[in-house]
Amino acid sequence: MRIISGKYRGMLLARFNGGEIRPTADRVKESLFNILSRRIAGARVLDLFCGSGNLGIECISRGAEFVHFNDISKDSVAVLKKNLSRLEEKNYLVTALDYAVCAARAGSFDLVFIDPPYASDAGISALKAIKLNTDGVAVYERDRPFSGEVDGLELYDERKYGRIYLSFFRKKERI
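Because the structure is a prediction, the values reported are computed rather than measured.

Caption draft 1: Spatial organisation of the pairing of strand β3 (residues 92-95). Judged from the 4 bridges that link them, strand β2 (residues 66-70) and β3 form a sheet pairing that is parallel. Within β3, the position partnered with F69 by the bridge is V94. Crossover β2 to β3 through helix α3 (residues 74-84) is right-handed.

Written as structure tokens, this is what we have:
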């Protein structure tokens, strides 16, 4: 895992030992950030199931105003802190809360990454709990296409990369 662009371009991130954690692959991350490129500078970002911090650190590297990292796993938070210790900026917050508690307390964001364990349906609950700013976007990564609806949000794009799907949500316009 590496930072693709921005101030920390090329920085290698600490990895997890074992196969329990599934970081977003560089190829998928590069495509994701090409899609989001104009939304990152100055953004408030929530990396809700952050793992190593791969996505949130990419945002810091590209000029995000603030990133809130959250993961309930102590192992994830330890790897995250190791990665964050290499940054000059301190425009971030790290919490180790249940995702629902974090989403309820965190405030609203311009960009939210939701990448829970694939076997869990926590992502759908997280989508229901997060707060997006007016033009905010939530990105939900999983191993199958999204189906169903989330009150107040609309699925406006979905991309497939191998076995990974990225589903993009925004606030539903009121008519």
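Caption draft 2: Representation of the packing of aromatic side chains in the model. For the coordinates displayed, the defined rule picks out 6 aromatic pairs. Measuring from ring centre to ring centre gives 6.1 Å for F69 and Y92, while their planes differ by 80°; the resulting arrangement is edge-to-face. Placement of the pair is F69 in strand β2 and Y92 in strand β3, with a sequence separation of 23 residues. On the accessibility criterion, F69 (0% relative accessible area) is buried.

Caption draft 3: Layout of the pattern of salt bridges. Enumeration over the complete set of coordinates arrives at 9 salt bridges. With a closest N to O distance of 2.8 Å, E89 and K7 form a salt bridge. With E89 in the loop between α3 and β3 and K7 in the segment before α1 (26-40), the pair connects residues that are 82 residues apart, well separated along the chain. Owing to a relative accessible area of 48%, K7 belongs among the partly exposed residues under this scheme. Across the pair E58 and R62 runs a salt bridge, and its minimum N-O distance is 2.8 Å. What makes E58 buried here is its relative accessible area of 0%. Each of K7, E88 and E89 takes part in salt bridges that share partners, so that together they form one network.

Caption draft 4: A look at helix α2 (residues 54-61). Taken across its 8 residues, α2 has 8 buried, putting it largely inside the fold. Looking at the buried side of α2, the elements it contacts are α1, β1 (44-47), β2, α3, β3 and β4 (108-114).

Caption draft 5: Fine view of the side chain of D71. The residue D71 is located in the loop between β2 and α3 in this model. Of the polar contacts made by the side chain of D71, one reaches the backbone nitrogen of C50; its length is 3.4 Å. Side-chain polar atoms of D71 contact the backbone nitrogen of G51, separated by 2.8 Å. Filtering out sequence-adjacent residues up to four positions away, D71 remains in contact with L48, F49, C50, G51, S76, V77, T95, A96 and L97.

Reading the values: the criteria
- Throughout this description, residue numbers start from 1 for each chain and increase along the sequence as written.
- Local features in a predicted model are, by the rule used here, given only for residues with pLDDT of at least 70; side-chain atom pairs are given and counted only at 80 or more, and totals for whole chains, interfaces and linings are based on all residues.
- Note that the side-chain values use all heavy atoms of the structure and ignore hydrogens as well as water.
- A pair of strands counts as paired when DSSP detects no fewer than two bridges linking them.
- Under the DSSP-based scheme used, a helix requires at least four consecutive residues in state H or I and a strand at least two consecutive residues in state E, with every element numbered from the N terminus.
- By the criterion used throughout, a crossover qualifies as right-handed when its path from the first strand across the helix to the second strand runs clockwise, the strands pointing away from the viewer.
- For Phe, Tyr and Trp, where Trp contributes only its six-membered ring, two rings pair if their centres lie within 6.5 Å, and the inter-plane angle classes them as stacked under 30 degrees, edge-to-face over 60, or tilted in between.
- Only protein chains enter the accessibility calculation, which uses a 1.4 Å probe; a residue whose area is less than 20% of its type maximum is buried, one above 50% is exposed, and one in between is partly exposed.
- In the sections that follow, a salt bridge refers to a side-chain nitrogen of Lys or Arg positioned within 4 Å of a carboxyl oxygen of Asp or Glu.
- Any pair of residues with heavy atoms lying within 4.5 Å of one another is described as a contacting pair.
- N or O atoms within 3.5 Å of each other form a polar contact, as long as, within protein, one can give a hydrogen and the other can take it, and as long as residues adjacent in sequence are counted only when both atoms are side-chain atoms.

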